[in-house]
Number of protein chains: 2
Amino acid sequence: MNWKARLLALDGLMPSLDDEGRLAWGTLADAAEDAELCFLGIENGKACFAAVPPRGDASPRMANPQLWSLMATLQHEDLALYGGARSLVDWHARHRFCAQCGGSTVIAKGGWQRNCEACGTQHFPRTDPVTIMLVEHEGRLMLGRGLGWPEGRFSALAGFVEPGESIEEAVAREVFEEAGVRVRDVNYIASQPWPFPSQLMIGCHSFADSDELDIDTTEMAEVVFFTREEVKDALAGSGPFVAPPTHAIAHHLMHWWVRK
Amino acid sequence: MNWKARLLALDGLMPSLDDEGRLAWGTLADAAEDAELCFLGIENGKACFAAVPPRGDASPRMANPQLWSLMATLQHEDLALYGGARSLVDWHARHRFCAQCGGSTVIAKGGWQRNCEACGTQHFPRTDPVTIMLVEHEGRLMLGRGLGWPEGRFSALAGFVEPGESIEEAVAREVFEEAGVRVRDVNYIASQPWPFPSQLMIGCHSFADSDELDIDTTEMAEVVFFTREEVKDALAGSGPFVAPPTHAIAHHLMHWWVRK
């Protein structure tokens, strides 16, 4: 039997980095006596765990510039591991009670479940599907700036898939709600998990029938069609707007579109 | 102002049908005094609502043969409306308490949100992304029979997308866990909402590197590779296995594969 194990070093939900800029790890002895531990998997022969922090964080992804810039420095592998671990422990921290009866819940199945001590209901980590879409019209790409975003920052429109919708229906509804435009020929491009708190980003491409916008000003500050050249320049850091960072799926979707 | 409204007739979570086999509707007066009402949308100039039933139902989809056969008779439009409404009211019925603090929650935003009366946390309807995948090897298709399924019934393998995974990673992990086979070239085919209780089914195709199976017997009773002819015959009702019903995405994926 191999008892080797390590504990992901977290300060609340923030990662700690070692001298080489990699995720820092400790031992299970570093966990508090009463800490709830989630099993993340085995890597290099060691079982990897993360402890559930006292508090979760469901604030919007843009709300923590410190984490945002730190994530940009992480290697892909560390980013994926941190993202999955963060989603999981954050879910536990925000689900200490049973939605069915209000009773206390306890961690189960190594962290992939919580059980209610009062009524026995089983609860499972949540992942919300979100569509994020390129909308094209006569060779130009629709991008938006959400309310409260910094001036000049644009990205693809996005929105949660609602109960009863397919991916394609969610894309069409969201674009119509936010920009007032009908789309057709929705195609899936790529997907990516996003840990604020736990989304599955589903990237699609579609064509708009028109570029006459009717913007929902309760959600969007601006919606603009940019030329291929403008999007290309923005991705290179010298365009008419600030593009999403490289670790966001919107960045990859825009690259895909520029090369298409 | 137009006050026209109608209430979806539900017996618990079961739909009621009128003489023409369509979904039955009543008026808001049919709702209990203290009923929580969810706004479903406007159709033919009437606002459509559904009332949250006393109890939800998170039992597996196969557990209710009566509903199963009733769904097969519904028109596509009614099936979509019932599915979305069922997912929504079922979520409300199972989320009367706050997972954050255990306090009571109340319906908000016309049924698209619940708010905690104690700590103010906002809760949103949940939809779980699930991958369902065709796995092909040298012109044959891998299908499985889950534990507890009737003898002879086969469908595509499927599993929840876990926090930290992309769609493509979830497909590969799930096939390896359930059948012991590595897959490559995962491609998205189609998606469909599934209301038991609220899944987004994400249909994919992939190629297996081998047909040497190592089946997880805690989940699957059988995993078998069928020829195109066998799958074609099964879809026509005369094959070596019972295919999924026409309202399931697995049926459409298998049709897509037969025609490919």
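Basis of the calculations
Residues numbered from 1 in each chain as written. Chains lettered and ligands numbered in written order. Predicted model: local features only at pLDDT ≥ 70, side-chain atom pairs only at ≥ 80, totals over all residues. Heavy atoms only, no water. Domains from an automatic or database assignment. Core = buried A, V, L, I, M, F, W, Y, C linked by side-chain atoms within 4.5 Å. Buried < 20%, exposed > 50% of the residue type's maximum accessible area, 1.4 Å probe, protein only. Contact = heavy atoms within 4.5 Å. Pairing = 2+ DSSP bridges. Helix = DSSP H or I, 4+ residues; strand = E, 2+ residues; numbered from the N terminus. Arc of directions from axis to C-beta. UniProt positions renumbered as here; feature names shortened; annotations may be inferred.

1. Description of the domain arrangement of chain A
Domain parsing of chain A yields domain 1 (5-84), domain 2 (95-125) and domain 3 (128-259). For domain 2 of chain A versus domain 3 of chain A, the separation of C-alpha centres amounts to 36 Å.

2. A closer look at the nonpolar core
Side chains of nonpolar character tend, in soluble globular proteins, to be buried together. M142, V175 and I202 of chain A together with M142, V175 and I202 of chain B are the most contacted members of the largest nonpolar core, which totals 42 residues. In contact with I202 of chain B, not counting residues within four places along its chain, are I167, L200 and I202 of chain A together with P129, V130, T131, I132, I167, Y188 and A190 of chain B.

3. What to know about the sheet that holds strand β9 (residues 122-123) of chain B
The antiparallel open sheet is built from three strands, whose spatial order is β7-β8-β9 (chain B). The sheet is open, and its two borders are formed by β7 (105-108) and β9 of chain B, each paired with just one other strand.

4. Remarks on unusual backbone geometry
Each neighbour pair has its own omega, and for F196 of chain A with P197 of chain A the value is 0°, a cis peptide bond. For K109 of chain B, which is not glycine, the phi torsion reads 50° and is therefore positive. In this structure, K109 of chain B sits in the loop between β7 and β8 (113-116). Phi at E138 of chain B takes a positive value of approximately 45°, unusual for a residue other than glycine. As for its position among the elements, E138 of chain B is in the loop between β10 (128-137) and β11 (140-146).

5. Here we look at helix α1 (residues 65-73) of chain A
Residue and element names in this part refer to chain A. Those residues of α1 not exposed but buried are L67, W68, L70 and M71. One face of α1 carries all of its buried residues, which in axial projection span an arc of 170°. Opposite the buried face of α1, at more than 90 degrees from it, the exposed residues are P65, Q66, A72 and T73. Next to the buried residues of α1 lie β3 (14-15), α2 (76-93) and β13 (183-194).

6. Some points on the UniProt feature "domain: Nudix hydrolase" (unreviewed entry) in chain A
As recorded in UniProt, the sites labelled "domain: Nudix hydrolase" (unreviewed entry) are residues 125-248 of chain A. Regarding residues 125-248 of chain A, the helix share stands at 17% and the strand share at 41%, and the terminal C-alpha atoms are separated by 22 Å.

7. Topic: the pairing of strand β7 (residues 105-108) of chain A
The side chains of a regular strand alternate, residue by residue, between the two faces of the sheet. Residues and elements named next belong to chain A. As judged from the four bridges shared by β7 and strand β8 (residues 113-116), these two strands associate in the antiparallel manner. Each bridged residue has a counterpart across the sheet, and for V106 the counterpart in β8 is N115. Counted between consecutive antiparallel strands, the loop separating β7 from β8 contains four residues, among which K109 sits at a positive phi close to 50°.

8. A few points about the pairing of strand β6 (residues 46-51) of chain A
Residue and element names in this part refer to chain A. Extensive coverage of β6 is indicated by the burial of five of its six residues. Direction of pairing for strand β1 (residues 5-8) relative to β6: parallel, over a ladder of three bridges. Residue pairing across strands places R6 opposite C48, the latter belonging to β6. Sheet topology note: the strand β5 (residues 37-43)/β6 ladder contains six bridges and is antiparallel. Each bridged residue has a counterpart across the sheet, and for G41 the counterpart in β6 is C48.

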